[in-house]
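# Observations on chain architecture
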Amino acid sequence: MTDLQTLPSLPPYGMAKEEKRAFLTAELTQLCDWHAQRCPEYGRILSAWPTRLEKAASYEQLPFLPVRLFKEFSLKSVADEALHKTMTSSGTTGQQVSKIYLDRETSALQSKVLAKIVGEFLGKQRLPMIILDSSAVIKNPAMFSARGAGILGFSIFAREKVYALNERMELDVEALKAFLDKHQGEDIFLFGFTFMIWQHFCAGLHKAGYQPDLSKGILIHGGGWKKLADQKISTERFKAELRETCGVTRVHNYYGMVEQTGTIYMECEHGHLHAPTWSDVTIRRPEDFSVADKNESGLIQVSSLLPRSYPGHILLTEDEGRILGEDDCPCGRMGKYFEIAGRIQRAEVRGCSDTYEQKA
Amino acid sequence: MSKKLDCLCGEVPAAPVKPLAPFSQEAMGFLSALSARLLKDREAKAYPDVITFAFFCRRSSLEKMRQEYDGQLEGRLGRGICFHVAPSNVPINFAYSMAAALLAGNASVVKASSRDFIQTRIVCRAMAELLAGEWSCLTSYPCVVTYPREEQELTERFSSLCDVRVIWGGDETVRRVREAPLKPRAFDVTFADRYSLLCIRPEAILAMDERALVGLTLGFYNDTYLSDQNACTSPRLVYWVGERQQADRARERFWNAVYACVSARYPVEPVIAVDKLTAGCRAAIRLEGSRMEPTQDNRIVRVLLEELIPGMEDVRSPGGFFLEYVDETLDALCTVVDARYQTLSYVGFEPEVLKRFVMERGLSGIDRIAAVGHTMDFSLVWDGYDLIRSLSRKVAVL
């Protein structure tokens, strides 16, 4: 495996198709071995898997774990003494959450790689940062939720930061005004979760009748479209709303998950999500998990070279999407680019195993 | 009366009703009239489950059930009012539950699924018409209602009214319904989560001609995929009883035939595909030595076990996920069978031999032994209960 110093120093979007394929295959195969020797549960899955590791001609033939497994089992490849922190997904109340175990090495890799990727969009300088969320999110250290982790993770790009929302999730107009006065004429980094931005920031600006000038802003947002899609809010509508309320035009969505923190998929100027050097997306057909063609929709598998303290390097998500191309996006970045269609839906079950249907 | 309560047919009994004798003329007459009406119903034709129920209620079929008791029901009367909580997912179950209670001599309040199943409407419409006409004497005997599960006060009301409560569905349902108190002499007949399996002699598969094999796999399809493998009777474990190499040949032949049957009828839901992969990984982690078998696609997902391990029953998924085990004898069953085990279906066995095995080993589970394709067949003996005897009382002369 590539050593921990070299790995994060690679250029984020500089590896062409064939080279990247060979690189990922070699690295991920070794990672499979690494985890099989350190995580007994993962070792058993490899032994039970219908195909053998040594026969895999490419990383697409390596075993993929359903992401849900991290909700059911504590999967770790390090001794408990080496654990640095445990990340949890921010599931809704009552839902099981994923538990991701990080040691210092994996945690440091994640920060370094995230910095490399986001640096491509924000520049090398650290910027004044407005967090479009409430400080309350990170004030409860008992649970290191995905939202808190996201805010802290992206705070490394901040020179100085302010929270746009108070603890009651209301717009803090005074704080914003003071912050913008102080940083007049500078580029501003805006960060938040898609739904929170829509629900609390945009709506808060309307309510307050406040129109800050954020035309020098660069917004990075993530967390998924599900709640906005439920309200029939399109990407265009979201972007138009931001442009009209505060003048921000440089808006980048990202796709990522707590199970593979660090290797996020950033949206480029052309609206495409891009796989960086350290990770990849593979689309699998639900019928037989074979690899789908370009433009064909299927289940998204994410592969990442960062997870060393837990066997989360190759994961089958419950998201659907399709590959739009590789190495040929007009933005000039190498690697696959793709789009997300959303989460797969659970159909009604038949059978007599449960009498009490859930309230809709 | 609550606004949430919807009465589909009959009347909720206001006063104690007169119990009838098992297989009374009234019950047999009403059910056979219902059968005739359903068999003539145009809309019903599209629903094989309604038609199967109609055949169950034909006079000749009822007569046969009565004869099986061979006069042993003398001196029995129904217990009074049965309150049934029917499963939400199997549309026709409520009708069988009601029919069994009526044949035992009882009036019923049946809580049918609050989902709007056409099958429920067809059967209730036919019953309502009969009760409005020549069968008005039975008006408060078959009463079918629906209401949302959250209306616990309705469950409490019907529970306080009944002499026997019949609860279908999962463990969670049984627990919730049981929170509603019963009259001191009333009791529950519960049908909780169960586990079912299929045992096959490899030589029986290898000896079959193509036609017989196709028939067998269709029966297997009906036992499993037809209900998304969610029925408590659906086998989740396939136990091959024979020598290893022969079993491997039979397994290949059997699963190829199942695939041919399933591929034409059963689409793969993406969520179910992920469910099954997750169950495969769960098997790998929890059941040491297990192997995910290579299959054509995600319609059939199989895990071959090295040994039967208690707790393997929890490694399950709907929609075509099977554990497989090969052994020379059935003995390994004794290490896992507990009270959760319900239906044992078979290929190449004499059912009496299997019954004897259950009896001689004193197994605490396995209540039903059924040929492949018949695991869902309703019978008056279900989950180990003789419904006619459980739902009636015997008058003793000392």
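Going along each chain's sequence as written, the residues are numbered from 1 onward. As they are written, the chains are lettered A onward and the ligands numbered 1 onward, keeping that order. Local features in a predicted model are, by the rule used here, given only for residues with pLDDT of at least 70; side-chain atom pairs are given and counted only at 80 or more, and totals for whole chains, interfaces and linings are based on all residues. Here the side-chain values reflect all heavy atoms present in the structure, with hydrogen atoms and water set aside.

### Examining the overall build of chain A
A run of DSSP states H or I qualifies as a helix once it reaches four residues; a run of E qualifies as a strand once it reaches two. Both are numbered from the N-terminal end. Looking only at helices and strands, chain A features 11 helices and 14 strands. We compute the radius of gyration from the C-alpha atoms alone; for a globule the expected value is 2.2 Å times N to the 0.38, where N is the number of residues. Here the C-alpha radius of gyration of chain A, 21 Å, is about what a compact globule of 360 residues would show, namely 21 Å. Summarising its shape, the C-alpha atoms of chain A cover approximately 60 × 55 × 45 Å along the three principal directions. In this description, contact between two residues means that some pair of their heavy atoms is separated by no more than 4.5 Å. If you take every contact in chain A between residues at least 6 apart in sequence, the share linking residues at least 24 apart comes to 71%.

### Notes on the overall build of chain B
From N to C terminus, chain B includes 13 helices and 17 strands. In terms of overall size, chain B behaves like a compact globule, its C-alpha atoms giving a radius of gyration of 22 Å where 398 residues would be expected to give roughly 21 Å. With the C-alpha coordinates aligned to their principal axes, the bounding extent of chain B is approximately 65 × 50 × 40 Å. Sequence separation of 24 or more characterises 76% of the internal contacts of chain B that already satisfy a separation of 6 or more.

### Describing the pairing of strand 6 (residues 188-193) of chain A
Residues and elements named next belong to chain A. A large share of strand 6 lies buried, amounting to six of its six residues. When DSSP locates at least two bridges between a pair of strands, those strands are taken to pair. Pairing of strand 4 (residues 127-134) with strand 6, which is carried by three bridges, proceeds in the parallel orientation. Counted as the bridge partner of I130 is L190 from strand 6. For strand 6 and strand 7 (residues 217-222), the ladder comprises six bridges, and the chain directions are parallel. Bridge pairing in strand 7 places L190 opposite L219. Consider the strands pointing away from the viewer: the crossover is right-handed when the path from the first strand over the helix to the second runs clockwise. As a crossover connection, the stretch from strand 6 through helix 9 (residues 194-208) into strand 7 is right-handed. Burial classes follow relative accessibility: with a 1.4 Å probe on protein chains only, a residue under 20% of its type's maximum area counts as buried, one over 50% as exposed, and anything between as partly exposed.

### Concerning empty space enclosed by the protein
All names here are of chain A. Cavity means a closed set of points on a 1 Å grid over the protein atoms alone, one where a 1.4 Å probe fits but cannot get out, pocket means an open set with protein on both sides within 12 Å along at least 5 of 7 lines, and lining means a residue has an atom within 4 Å of a point. Grid points are joined across faces, edges and corners, and a volume is the space filled by probe spheres set on the points. Summed over all chains, the structure comprises four cavities of 30 Å³ or more. Volume-wise, the largest cavity comes out at about 60 Å³. For the largest cavity, the full set of lining residues is K17, K20, R21, L24, Y59, D280, E326 and K336. Looking at the lining of the largest cavity residue by residue, the class counts come to two nonpolar, no polar and six charged. The nonpolar class holds Ala, Val, Leu, Ile, Met, Phe, Trp, Tyr, Cys and Pro. Asp, Glu, Lys and Arg form the charged class, and all remaining residues, Gly among them, are polar.

### What about helix 3 (residues 40-48) of chain A?
For helix 3 of chain A, the complete set of buried residues consists of Y42(A), G43(A), I45(A), L46(A) and A48(A). Close packing links the buried residues of helix 3 of chain A with helix 2 (17-38), strand 1 (65-66) and helix 4 (69-72) of chain A together with helix 11 (270-286) and strand 10 (291-292) of chain B.

### Overview of the pattern of salt bridges
Residue and element names in this part refer to chain B. What counts as a salt bridge is simple: a side-chain nitrogen of Lys or Arg found within 4 Å of a carboxyl oxygen of Asp or Glu. Here the structure, examined in full by the defined rule, presents 46 salt bridges over all chains. A salt bridge links R125 to E43, with the nearest nitrogen and oxygen atoms 3.1 Å apart. Taken together, the positions of R125 in helix 5 (residues 118-132) and E43 in the loop between helix 1 (25-40) and helix 2 (48-56) put the pair 82 residues apart, joining distant regions of the chain. Classification of E43 as partly exposed rests on a relative accessible area of 34%. With a closest N to O distance of 3.3 Å, D188 and R178 form a salt bridge. Of this pair, D188 sits in strand 7 (residues 187-191) while R178 sits in helix 7 (residues 171-178), and the two are 10 residues apart along the sequence. Here D188 falls in the buried class, since its relative accessible area comes to 18%. Shared partners join several salt bridges into a network, and the residues in it are R244, D248, R251, E293, R302 and E324.

### Description of the interface of chain A and chain B
By a frequent convention, interface size equals the accessible area lost on bringing the separate parts together. Chain A puts 39 residues into the contact, and the matching count from chain B is 51 residues. A quick way to say it: buried area is the sum, across both parts, of accessible area lost when two parts are put together, with a 1.4 Å probe. Carbon and sulfur atoms supply 57% of the area buried between chain A and chain B, which totals about 4,100 Å² over both sides. Between the two partners, chain A and chain B, sit three salt bridges. For R68(A), the salt bridge is made with D275(B), and the minimal N-O distance between the two is 2.6 Å.

### Focus on the side chain of E318(A)
Here E318(A) lies in strand 13 (residues 314-326). Polar contacts, as counted here, are pairs of nitrogen or oxygen atoms within 3.5 Å of one another; within protein the pair requires one atom able to donate a hydrogen and one able to accept it, and residues that are adjacent in sequence qualify only if both atoms are side-chain atoms. Side chain to side chain, E318(A) and R68(A) meet in a polar contact 2.8 Å long.

### Regarding the nonpolar core
The criterion is simple. A nonpolar core is a set of buried Ala, Val, Leu, Ile, Met, Phe, Trp, Tyr and Cys residues joined through side-chain atoms within 4.5 Å. Ranked by internal contacts, the top residues of the largest apolar core, which has 147 residues, are I130(A), F154(A), F201(A), L308(B) and L323(B). Tallying contributions element by element places helix 11 of chain B first for this core, with nine residues. For L323(B), the contacting residues outside a window of four places in its chain are Y195(B), R236(B), L237(B), V238(B), L287(B), V303(B), L305(B), M312(B) and V315(B). If you look at the next biggest cluster of nonpolar residues, it comprises 75 residues, including A95(B), C124(B), L131(B) and L380(B).

### With respect to unusual backbone geometry
With a phi angle near 65 degrees, M169(A) is a residue other than glycine that sits in the positive phi range. By secondary structure assignment, the location of M169(A) is in the loop between strand 5 (158-165) and helix 8 (173-182). Here D228(B), not a glycine, exhibits a phi torsion of approximately 55 degrees, which is positive.

### As for the sheet that holds strand 14 (residues 368-371) of chain B
Residue and element names in this part refer to chain B. With mixed pairing, the seven strands of this open sheet are ordered in space as 10-11-12-9-8-13-14. This sheet does not close on itself; its edge strands, each paired only once, are strand 10 and strand 14. Of the pairings in the sheet, the one linking strand 13 (residues 341-347) to strand 14 comprises four bridges and is parallel in character. Residue pairing for strand 14: S345 is matched across the bridge by A370.

### A word on the packing of helix 1 of chain B against helix 4 (residues 93-104) of chain B
All names here are of chain B. For the pair helix 1 and helix 4, the least separation of the axes is 8 Å and the interaxial angle reads 150 degrees. Regarding the angle of helix 1 to helix 4, the classification is roughly antiparallel. Residues A27, M28, F30 and L31 of helix 1 lie in contact with helix 4, whose contacting residues are A99, L102 and L103. Here the contact of helix 1 with helix 4 is composed, by residue class, of seven nonpolar, no polar and no charged. Every axis corresponds to a line fitted to the C-alpha atoms, with the helix fit spanning only the stretch in contact, and the corresponding angles, defined between N-to-C directions, vary from 0 to 180 degrees. Our angle categories are set so that under 35 degrees counts as roughly parallel, over 145 as roughly antiparallel, 65 to 115 as roughly perpendicular, and the remainder as oblique.

### Notes on the confidence of the model for chain B
Confidence of the prediction at every residue is given by pLDDT, a number between 0 and 100. With 99% of its residues at a pLDDT of at least 70, chain B reaches an overall mean of 94. The ipTM, which scores confidence in the relative placement of chains, is 0.91 for this predicted complex, and the corresponding pTM is 0.88.

### Focus on the packing of aromatic side chains
Pairs were defined over the aromatic rings of Phe, Tyr and Trp, the Trp ring being its six-membered one, requiring ring centres within 6.5 Å. Orientation was assigned from the angle between planes: stacked under 30 degrees, edge-to-face over 60, tilted for the rest. This model, assessed by the stated rule, comprises 39 aromatic pairs over all chains. Taken together, a centroid distance of 6.5 Å and an interplanar angle of 15 degrees make the contact between F191(A) and Y254(A) stacked. One end of the pair, F191(A), is in strand 6; the other, Y254(A), is in strand 8 (residues 250-255), with 63 residues separating them in the sequence. The same class applies to F191(A) as to Y254(A), namely buried. Each ring, one from Y265(A) and one from F338(A), has its centre 5.4 Å from the other, and the planes form 80 degrees; the classification is edge-to-face. Pair noted here: Y265(A) is in strand 9 (residues 265-267) and F338(A) is in strand 14 (residues 336-343), with a separation of 73 residues, a long-range link. The pair Y265(A) / F338(A) is uniform in exposure class, with both members buried. Here a set of aromatic residues connected by ring pairs shows up, and it is made of F53(B), F56(B), Y96(B), W168(B), F191(B), F378(B), W382(B) and Y385(B). Across the ring face of Y13(A), the terminal group of R333(A) is positioned such that the distance to the ring centre comes to 5.6 Å. Definition used: whenever NZ (Lys) or CZ (Arg) falls within 6 Å of the ring centre and also within 35 degrees of the ring normal, the charge is taken to sit over that ring.

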